[in-house]
Amino acid sequence: MDAEAQAGRKRSIQRPRVHTEVLSCLLDDIQSGVYQVGQKLPSERELMDEFGVGRPAVREALSGLARMGLIEVSPGMRARVCRLTLKPLLREMRATLEIYSSSPDGWRQLHDLRLFFETAVVRRMALEITDEQLTHLDELLQNQRRLLDASEIRAFAEADIDFHRYLVECMGNNFLGLLAEGFAGWLITPLYASLQVRKQSERSYRAHVGVYEALKKRDPDLAEKAMRTHLDEMRGIYQVDVMVDEDEPAKDQN
């Protein structure tokens, strides 16, 4: 573009909304320690005076900070700074996973992600797992066996997910834990349906025992193989029970 043409261009730059600027200032104050964890923010009226804005801008800014998990807002009370956790991200993540997995392609992609994620976890844990962690895994398996024998399928489905969740917890990484919790929220309903309808509880339990035995041997290749086999098998069951393509007729899994 030549200089003359460029000089004649007109572009529209949208100014930030007022509440965004208020939120940014309060966020800076919280991050810099002006407001500490447990401390109350100024009242809405005080914030209106401080920033020279109306009540709607202040309330929208406070709502934004609350969605981020940085403050707690209660009716009739001043907002209080709270300790930052990953729970707001978890809520958003679960909602996103639920929507994304509503299509066959999204369903398959999420299972691919889970397969990549959990096989990597067990490879790492095979090299680092402690005797104490192995003991706890064994206790989880004993609980699964008890629930299975009692035909408590819903509780067994939750115990099934607890096994996978604990493996990630052993990594000691909050963000990996967030991903595991997201998967847990997404999977509990189809898992329960599969275990109940397809009578797959026993098969799932045996697969968990296989993963445990591989971890006990501290063998990363064997652990990865056991987890991959388990998740591939469960993926096939899920697709038949709750997510079947129109051009892929269901096959009997019994």
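Look up: the structure comes first, before these words.
Just so you know, these numbers come straight off a predicted model, no measurement behind them.

Undergrad: What is the right way to look at unusual backbone geometry in this model?
TA: Note: most residues except glycine have negative phi, and most peptide bonds are trans. In this structure, Ser151 takes a positive phi of about 60 degrees despite not being glycine. Positionally, Ser151 belongs in the loop between α7 (131-149) and α8 (153-169). Owing to a relative accessible area of 55%, Ser151 belongs among the exposed residues under this scheme. For Arg218, which is not glycine, the phi torsion reads 55 degrees and is therefore positive. Here Arg218 lies in the loop between α10 (201-216) and α11 (220-242). Taking the relative accessible area as the measure of exposure, Arg218 reaches 35% and is therefore partly exposed.

Undergrad: What is the right way to look at the packing of aromatic side chains in this model?
TA: How two aromatic rings sit relative to each other is given by the distance of their centres and the angle of their planes. One pass over the structure, following the stated rule, counts 0 aromatic pairs. Lying over the aromatic face of Tyr205, Arg145 brings its terminal NZ or CZ to 4.8 Å of the ring centre.

Undergrad: How should I be thinking about the pattern of salt bridges in this particular structure?
TA: Working definition: two side chains of opposite charge can pair if their charged atoms are close together. Following the criterion strictly, the structure yields 16 salt bridges and no others. Here Arg145 makes a salt bridge to Glu202, at a shortest N to O gap of 3.0 Å. Here Arg145, found in helix α7, pairs with Glu202, found in helix α10; they are 57 residues apart in sequence, far enough to count as distant.

What counts and how
Residues numbered from 1 in each chain as written. Predicted model: local features only at pLDDT ≥ 70, side-chain atom pairs only at ≥ 80, totals over all residues. Heavy atoms only, no water. Helix = DSSP H or I, 4+ residues; strand = E, 2+ residues; numbered from the N terminus. Buried < 20%, exposed > 50% of the residue type's maximum accessible area, 1.4 Å probe, protein only. Phe/Tyr/Trp six-rings, centres within 6.5 Å; stacked < 30°, edge-to-face > 60°. Lys NZ or Arg CZ within 6 Å of the ring centre and 35° of its normal. Salt bridge = Lys/Arg side-chain N within 4 Å of Asp/Glu carboxyl O.

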